[in-house]
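Structural description and commentary
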Amino acid sequence: MHQANELKRVNRGYERVLSSMCTYPHPVAVRAHIDHIHTNLGDPNLFPEIAAFERRAIIILGGLLGAADAVGYITSGGTESNIQAVRASKLTSSTRKPNIVVPKSAHQSFNKARDFTGVEVRQASLDTRYAVDVTAVEELVDEDTICIVGIAGTTALGVIDPIPALAQVALENDAFLHVDAAFGGFVIPFLEKKYHFDFAVEGVRSIAIDPHKMGMSTIPSGGLLFKRPGDFDALSTNTFYSVESSMTGTRGGASVAATLAVLEHLGVHGYRNVVRECMRLTNLCVEEAAEFGVYPVISPVMNIIAFKLPRLQQLALRLTARGWRISVMEGALRIVIMPHINETTILEFISDLKELVKV
Ligand SMILES: *Cc1c(COP(=O)(O)O)cnc(C)c1O
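It should be emphasised that the depicted structure is a prediction, and the values quoted were computed from it without experimental measurement.

About the cut-offs
As a convention, each chain's residues are numbered from 1 in the sequence order in which they are written. Since the coordinates come from a predicted model, pLDDT governs what is reported: local features require at least 70, and pairs of side-chain atoms require 80 or more to be given and counted, while whole-chain, interface and lining totals use all residues. Excluding hydrogens and water, the side-chain figures rest on all heavy atoms present in the structure. Between the N-to-C directions of two axes lies an angle of 0 to 180 degrees, each axis being a line fitted to C-alpha atoms and, for a helix, fitted only over the stretch in contact. Numbered from the N terminus, helices here are DSSP runs of H or I no shorter than four residues, and strands are runs of E no shorter than two. Just so you know how the angles are binned, under 35 degrees is roughly parallel, over 145 roughly antiparallel, 65 to 115 roughly perpendicular, and the rest oblique. For any helix crossing, the convention is left-handed if the near helix is rotated counterclockwise from the far helix by under a right angle, and right-handed if that rotation is clockwise. Between two residues, a contact is recorded if the distance between any of their heavy atoms is within 4.5 Å. Charged residues are taken to be Asp, Glu, Lys and Arg, nonpolar residues to be Ala, Val, Leu, Ile, Met, Phe, Trp, Tyr, Cys and Pro, and polar residues to be all remaining types, Gly included. Each helix should span, by expectation, one fewer than its residue count multiplied by 1.5 Å. Only protein chains enter the calculation, and the probe is 1.4 Å; a residue is then buried if its accessible area is under 20% of its type maximum, exposed if over 50%, and partly exposed in between. In this context, the arc is that of the directions from the helix axis out to the C-beta atoms. Polar contacts, as counted here, are pairs of nitrogen or oxygen atoms within 3.5 Å of one another; within protein the pair requires one atom able to donate a hydrogen and one able to accept it, and residues that are adjacent in sequence qualify only if both atoms are side-chain atoms. Here, a salt bridge means any Lys or Arg side-chain nitrogen found within 4 Å of an Asp or Glu carboxyl oxygen. For each residue, the test is whether any non-hydrogen atom lies within 4 Å of the molecule or strand; if one does, the residue is near. Using the Shrake-Rupley algorithm and a 1.4 Å probe, accessible areas are obtained, with residue cover drawn only from the displayed protein chains. Definition used in this section: a nonpolar core is a set of buried Ala, Val, Leu, Ile, Met, Phe, Trp, Tyr and Cys residues joined via side-chain atoms within 4.5 Å. When DSSP finds at least two bridges between two strands, those strands are taken to pair.

The description of two packed helices rests on the angle between their axes and on the distance between the axes. At a minimum axis distance of 10 Å, the contact between helix H10 (residues 312-321) and helix H11 (residues 343-357) shows a crossing angle of 135°. One finds that H10 runs oblique with respect to H11. H10 and H11 meet at a crossing whose hand is right-handed. Of the residues in H11, those touching H10 at Leu315, Arg318 and Leu319 are Phe349, Asp352, Leu353, Leu356 and Val357. Looking at side-chain class alone, the contact of H10 with H11 contains six nonpolar, no polar and two charged residues.

Here it is, written out as structure tokens:
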């Protein structure tokens, strides 16, 4: 116990952390996680209640994403979800030299998917708004394309790709459309502006959505959902105990219980409030920075801001010296306004930024 307390003391919390897509889990999630810390979904017959929790969580996530009858499972995060979606597209196709087409802005997990599955990854260029260029995608697609990826909330800028147009290309070419909404899945449905990015768009076959990011569940919780049961079934393998569709064998049931608990506790209303506050602070931050001539690369769509700034490396070091955790991505200072950030923190950050850009 003594040692655990020591470890807790040296590990930082999320105060002044503007670089992470994770946050403090909701207390309801923490409670459920602790209560089920011993459970293993690698052996669902031993823990049928947790297996039922997972099915309920998938139904809620499906409802959030435009298909309450979607199927899938709770993964370890967006990386596993993306790898498994590519694997499902490969297992359901008969192509001998398969390729997938992803936006240049795609997460590196698609390169891991390539290493594991042997598919070729083709990167499509972006348009002037940093969304994938659909014409570039069409040029890269051929008869061996098994999967097209669209991103609903890019990691660097929070841009939403034109999912309906990508779905059209996927349908015409008999390819999978996988939507990577690892971050955006718990943001986009709760924004005032409506976007077409989910299963309501015909042609969307699978979606990655991470409860351990804006869903405020515990780590590790990702979600992978499929519209067609057959796509999910393609992932299943027989084990000594049962049938398993996950990438890992032994897997914790604790974060599954945590995910269901926070989903049911917050509900659509609760998440809308969380997202509304994050967006209010995002807009406040953009307005305050504009006062001293600092502007974002794009007007934020979600709670991610990338500021264009001179002498970026030097500035980043100075901010870090003051305890701020920020990231430098694509030549911009990128911050994510997660639920652990409050107005005081934003105003302190703005004050430091204002002072340091002048140095
Ligand atoms: C965070 C993120 C991932 C990876 O998710 P992990 O949970 O870190 O594995 C994949 N895609 C996007 C768009 C992300 O933002």
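From this point, things continue past the structure.
Moving on, we come to H11. Taking 1.5 Å per residue, 15 residues should reach 21 Å; H11 reaches 21 Å between its end C-alpha atoms and fits that length. Buried within H11 we find Thr345, Ile346, Phe349, Ile350, Asp352, Leu353, Leu356 and Val357. What you see down the axis of H11 is that its buried residues fit within an arc of 170°, all on one side. At the N-terminal boundary of H11, the capping side chain belongs to Asn342, with an oxygen 3.2 Å from the backbone nitrogen of Thr344.

With that settled, consider the pattern of salt bridges. For the structure on display, the rule yields 15 salt bridges. Among the salt bridges present, the one from Glu120 reaches Arg122, with a minimum N-O distance of 3.0 Å. Judged by its relative accessible area of 39%, Glu120 is partly exposed. The class for Arg122 is buried, based on a relative accessible area of 18%. For Glu277, the salt bridge is made with Arg280, and the minimal N-O distance between the two is 3.0 Å. Taken together, the residues Glu277 and Arg280, both in helix H9 (residues 254-290) and three residues apart, mark about one turn of the helix. Residue Arg280 is classed as partly exposed on the basis of its relative accessible area of 39%.

What follows deals with the side chain of Thr259. Residue placement: Thr259 occurs in helix H9. Judged by its relative accessible area of 0%, Thr259 is buried. Those residues in contact with Thr259 that sit more than four places away from it in its chain are Ala57, Ile74, Pro211, Ser217 and Ser221.

Turning next to the site of the ligand. If you check the shell around the ligand, you find 14 residues, and the closest are Thr79, Asp180, Asp210, His212 and Lys213. Here an oxygen atom of the ligand sits 2.6 Å away from a polar atom, N or O, in the side chain of Thr79. For the ligand, whose free accessible area comes to 380 Å², the fraction covered by protein is 86%. If you tally residues by element for the shell around the ligand, the top one is helix H4 (residues 78-91), at three residues. Broken down by class, the residue content of the shell around the ligand amounts to three nonpolar, eight polar and three charged.

Among the nonpolar cores identified, the biggest contains 62 residues, and Leu177, Phe183, Phe186 and Met214 are the most heavily contacted of them. Where this core is concerned, the elements lending two or more residues are helix H3 (48-64), helix H6 (134-140), helix H7 (163-172), strand S5 (176-181), strand S6 (204-209) and H9. For this core, the element with the highest residue contribution is H9, accounting for eleven residues. Filtering out sequence-adjacent residues up to four positions away, Phe186 remains in contact with Leu61, Leu64, Ile209, Asp210, Pro211, Met214, Gly215, Leu263, Tyr271 and Val275.

Another point: the packing of H9 against H11. Where H9 meets H11, the axes come as close as 10 Å, and the angle between the chain directions of the two elements is 20°. In terms of axis orientation, H9 runs roughly parallel to H11. Two packed elements cross with a definite hand, and for H9 against H11 that hand is right-handed. Contact with H9, carried on its side by Arg280, Leu281, Leu284, Cys285, Glu288 and Ala289, involves Glu343, Ile346, Leu347, Phe349 and Ile350 of H11 and no other residues of that element. A class-by-class count of the residues in the contact of H9 with H11 yields eight nonpolar, no polar and three charged.

What follows concerns the pairing of strand S10 (residues 304-307). Looking down a regular strand, the side chains alternate between one sheet face and the other. Here S10 shows two buried faces, one formed by Ile304 and Ala306 and the other by Ile305 and Phe307. With four bridges joining them, S10 and strand S12 (residues 332-336) adopt antiparallel strand pairing. Looking across to S12, one finds that Phe307 is bridged to Leu333.

As a further point, take the sheet that holds strand S11 (residues 327-329). Sheet strands line up and pair through hydrogen bonds in the backbone, either parallel or antiparallel. Taken in spatial order, the three strands make up an open sheet running S10-S12-S11, and their pairing is antiparallel. Two strands lie at the open edges of the sheet, namely S10 and S11, each paired on one side alone. Going from strand to strand, the sheet's axes swing by 35° on average, the running direction of each strand aside. Relative to S10, H9 is tilted by about 20°, and along the sheet it contacts S10 and S12.

Turning to the environment of Met279, a few remarks are in order. As for its placement among the helices and strands, Met279 is situated in helix H9. Judged by its relative accessible area of 12%, Met279 is buried. Separated by 173 residues in sequence, Met279 and Ala106 have C-alpha atoms that sit 23 Å apart. Apart from the residues lying within four places of it in its own chain, the contact partners of Met279 are Leu191, Val301, Met302 and Asn303.

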